[in-house]
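Structural description and commentary
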Amino acid sequence: VTPPSLHDCTLLRRRPLRPLMKFGRVLQLRAIPEWRESYIGYKRFKRLLKRLPTAQSSGSFSPTASLSLREPSELEAPLLSGPYAEVEALFFAALDDDLRRVNEVSVAETESIETSVTLATGGEALLSQEEVAALYCRLAKLRSFMSLNATAVKKILKKFDKNMAGTGREPQLPSVMKRLEAEPFSVCRRRADGMAVELERAMPPDKVPRLRQLAQDALKRAGGGRESRPNVLPLALSLAAGLVVALAPLEAFEQADRPEAQRCLGVLVATVGLWLSEAVPFFATALLVPVLAVASGAVPPKLVHKTGELEQAPDIAKRVLNSMFNAVILLVLSSLVAARVVARCQLELRLAAALQERLRQQPRPLPPP
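Attention in this report is confined to the structure presented alongside it. (Residues numbered from 1 in each chain as written. Predicted model: local features only at pLDDT ≥ 70, side-chain atom pairs only at ≥ 80, totals over all residues. Heavy atoms only, no water.)

So, the environment of Phe23
- Take Phe23: it is sitting in helix H1 (residues 23-30).
- On the accessibility criterion, Phe23 (12% relative accessible area) is buried.
- Spatially, the C-alpha atom of Phe23 lies 8.6 Å from that of Lys155, the residues being 132 residues apart in sequence.
- Once you skip the residues sitting within four places of it in the chain, Phe23 turns out to touch Tyr42, Leu148, Thr151, Ala152 and Lys155. (Helix = DSSP H or I, 4+ residues; strand = E, 2+ residues; numbered from the N terminus. Buried < 20%, exposed > 50% of the residue type's maximum accessible area, 1.4 Å probe, protein only. Contact = heavy atoms within 4.5 Å.)

In structure tokens form, the structure reads like this:
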């Protein structure tokens with residue numbers, strides 16, 4: 001019976017991170033940190049494709065019509081006009097450059113791993129089971145790297161063909177995917193499949209499921225499959241520690257008759273626990289501080305001069321939030337949000353392209369004397 005290949009392993013049949021999650025986000029979450037700079041620039045190509053004219057967006061298509069694009073290394077530069085053939089050449093030149101980086105990493109890592117696999121699967125079996133497991137985990141990272149890049153190329157080419165629908169140009173996906181099969185990193189993928197099978201054969205059959213689980217865990221630790229969801233146990237322990245400190249009968253606080261100070265210490269303990277454990281993102285921890293302070297009673301109520309009564313919880317919450325947020329902060333945050341909206345919609349580039357299209361003949365050059 002033929003042993004399962006890496007495709008059949010539980011390692012590659014991981015459930016999706018989230019329903020309908022965009023591939024750009026999946027690529028970001030599953031990227032191996034040490035090779036992050038060598039992945040296909042998926043988001044860069046998406047931004048590039050937004051500047052291509054399509055029959056749907058322009059109503060008519062002319063291959064010689066001027067359009068606006070930027071160099072891949074200068075994505076924030078002003079728009080430049082040029083013929084469509086230039087744009088297509090720019091897209092595939094950037095794709096070739098990204099594939100070159102993917103090939104370099106894939107070939108170097110595959111050759112290094114192959115040397116170790118030979119030691120592990122040779123007649124004398126020079127590597128221990130722990131070393132074989134570590135090698136298998138390293139191979140799983142490389143396999144994930146090559147698989148994600150192949151998917152990125154396929155998806156970005158589909159988007160390219162979709163943008164060119166109705167323009168009379170031949171779809172590029174079939175020809176490029178055929179060429180991709182001969183790329184060095186595709187060859188390395190097939191070699192990696194064989195090495196995975198060899199390493200599984202070198203292990204006792206009852207250890208293979210554990211081996212695959214270790215590889216899956218290694219991918220998660222390396223960044224593959226990591227999600228932004230709360231870690232329940234550290235979250236619960238941090239809040240419980242803060243609650244114990246806030247409610248425990250501590251003699252120093254009882255003698256001073258300052259229960260608010262003890263509750264404030266409890267909030268501090270809970271906040272430090274959340275920061276150290278990273279149970280929730282740092283910004284969420286920061287937003288929890290005023291909530292915990294008000295909910296725990298760490299903020300003493302003040303006397304309301306108009307009524308002569310002490311503040312209620314809603315008034316305390318309002319006072320705490322007002323001390324953390326004012327008109328100046330609102331102005332700064334609004335400016336940042338507006339700048340992000342402009343950058344996301346590329347309004348500045350559209351405006352520059354419109355001005356360039358309208359004013360490109362002005363000012364007219366002076367006639368020679």
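Brief notes about the packing of aromatic side chains
- For the structure on display, the rule yields seven aromatic pairs.
- Aromatic pair Phe91 and Phe92: ring centres 5.1 Å apart, planes at 80 degrees, arrangement edge-to-face. Each of the two residues, Phe91 as well as Phe92, counts as buried.
- Geometrically, the ring pair formed by Phe92 and Phe160 is edge-to-face, given 5.3 Å between the ring centres and 70 degrees between the ring planes. Placement of Phe92 in helix H4 (residues 84-121) and of Phe160 in helix H5 (residues 129-163) is noted, with a sequence separation of 68 residues between them. For the pair Phe92 and Phe160, one class covers both residues: buried.
- Put simply, the rings of Phe45, Phe91, Phe92 and Phe160 touch in pairs and so form one group of aromatic residues.
- Geometry around Phe45 places Arg44 over its ring, the cationic atom sitting 5.0 Å from the centre. (Phe/Tyr/Trp six-rings, centres within 6.5 Å; stacked < 30°, edge-to-face > 60°. Lys NZ or Arg CZ within 6 Å of the ring centre and 35° of its normal.)

Here we look at the pattern of salt bridges
- Evaluation of the coordinates by the stated rule reveals twelve salt bridges.
- Two residues, Glu114 and Arg191, come together in a salt bridge whose shortest N-O distance is 2.3 Å. A residue pair is termed long-range when its members are at least 10 positions apart, and Glu114 in helix H4 and Arg191 in helix H7 (residues 184-202) qualify at 77 residues.
- Residue classification places Arg191 among the partly exposed residues on the basis of a relative accessible area of 28%.
- Put simply, Arg44, Asp97, Asp98, Arg100, Arg101 and Glu104 are held in one network by salt bridges that share partners. (Salt bridge = Lys/Arg side-chain N within 4 Å of Asp/Glu carboxyl O.)

A closer look at H1
- With six of its eight residues buried, H1 lies for the most part within the structure.
- Of the positions making up H1, those classed as buried are Phe23, Gly24, Val26, Leu27, Leu29 and Arg30.
- Turning to H1, the residues buried within the fold contact helix H2 (42-49) and H5.

What to know about the nonpolar core
- If you look at the biggest cluster of nonpolar residues, it comprises 55 residues, and the most contacted ones within it are Tyr39, Phe45, Phe91, Phe145, Leu157 and Leu199.
- For this core, the secondary structure elements donating two or more residues are H1, H2, H4, H5, helix H6 (173-180), H7 and helix H8 (208-222).
- Broken down by element, this core gets its largest block of residues, 17 residues, from H5.
- With residues near it in sequence (within four places) discarded, Phe145 still touches Trp35, Ser38, Tyr39, Val102, Val105 and Ser106. (Core = buried A, V, L, I, M, F, W, Y, C linked by side-chain atoms within 4.5 Å.)

Things to note about the environment of Pro184
- Within the secondary structure layout, Pro184 lies in helix H7.
- Residue class for Pro184 comes out partly exposed when judged on its relative accessible area of 35%.
- Considering only alpha carbons, one finds Pro184 and Arg100, 84 residues apart in sequence, at a separation of 9.2 Å.
- Apart from residues no more than four positions distant in its own chain, Pro184 is found in contact with Asn103 and Val107.

Notes on the packing of H5 against H7
- Axis separation between H5 and H7 bottoms out at 10 Å; the angle between their running directions is 150 degrees. Looking at the two axes, H5 sits roughly antiparallel to H7. The crossing of H5 and H7 is left-handed. From H5, Val132, Leu135, Tyr136, Leu139, Arg143, Met146, Ser147 and Ala150 reach across to H7, where they touch Phe185, Cys188, Arg189, Ala192, Asp193, Met195, Ala196, Leu199 and Glu200. (Axes fitted to C-alpha atoms, helices over the stretch in contact; angles between N-to-C directions. Parallel < 35°, antiparallel > 145°, perpendicular 65-115°, else oblique. Left-handed = near helix turned anticlockwise from the far one by under 90°.)

Some remarks on the packing of helix H9 (residues 232-247) against helix H11 (residues 259-277)
- Axis separation between H9 and H11 bottoms out at 7 Å; the angle between their running directions is 160 degrees. What the angle tells us is that H9 and H11 run roughly antiparallel. As H9 packs across H11, the resulting crossing turns out to be right-handed. Along the contact surface, H9 presents Pro234, Leu235, Ser238, Leu239, Ala241, Gly242, Val245, Ala246 and Leu247, while H11 presents Gln262, Arg263, Leu265, Gly266, Val269, Ala270, Gly273, Leu274 and Ser277.
- When the residues that make up the contact of H9 with H11 are grouped by side-chain class, the tally is eleven nonpolar, six polar and one charged. (Nonpolar A, V, L, I, M, F, W, Y, C, P; charged D, E, K, R; others polar.)

Describing the environment of Arg191
- Sequence separation of Arg191 and Glu111 is 80 residues, and the distance between their C-alpha atoms is 9.8 Å.
- Here Arg191 is in contact with Thr110, Glu111 and Glu114, once residues within four sequence places are set aside.

A closer look at unusual backbone geometry
- Despite not being glycine, Glu278 has its phi angle at roughly 55 degrees, a positive value.
- Relative to the helices and strands, Glu278 resides in the loop between H11 and helix H12 (282-295).
- On the basis of relative accessible area, Glu278 is assigned to the exposed category, the value being 54%.

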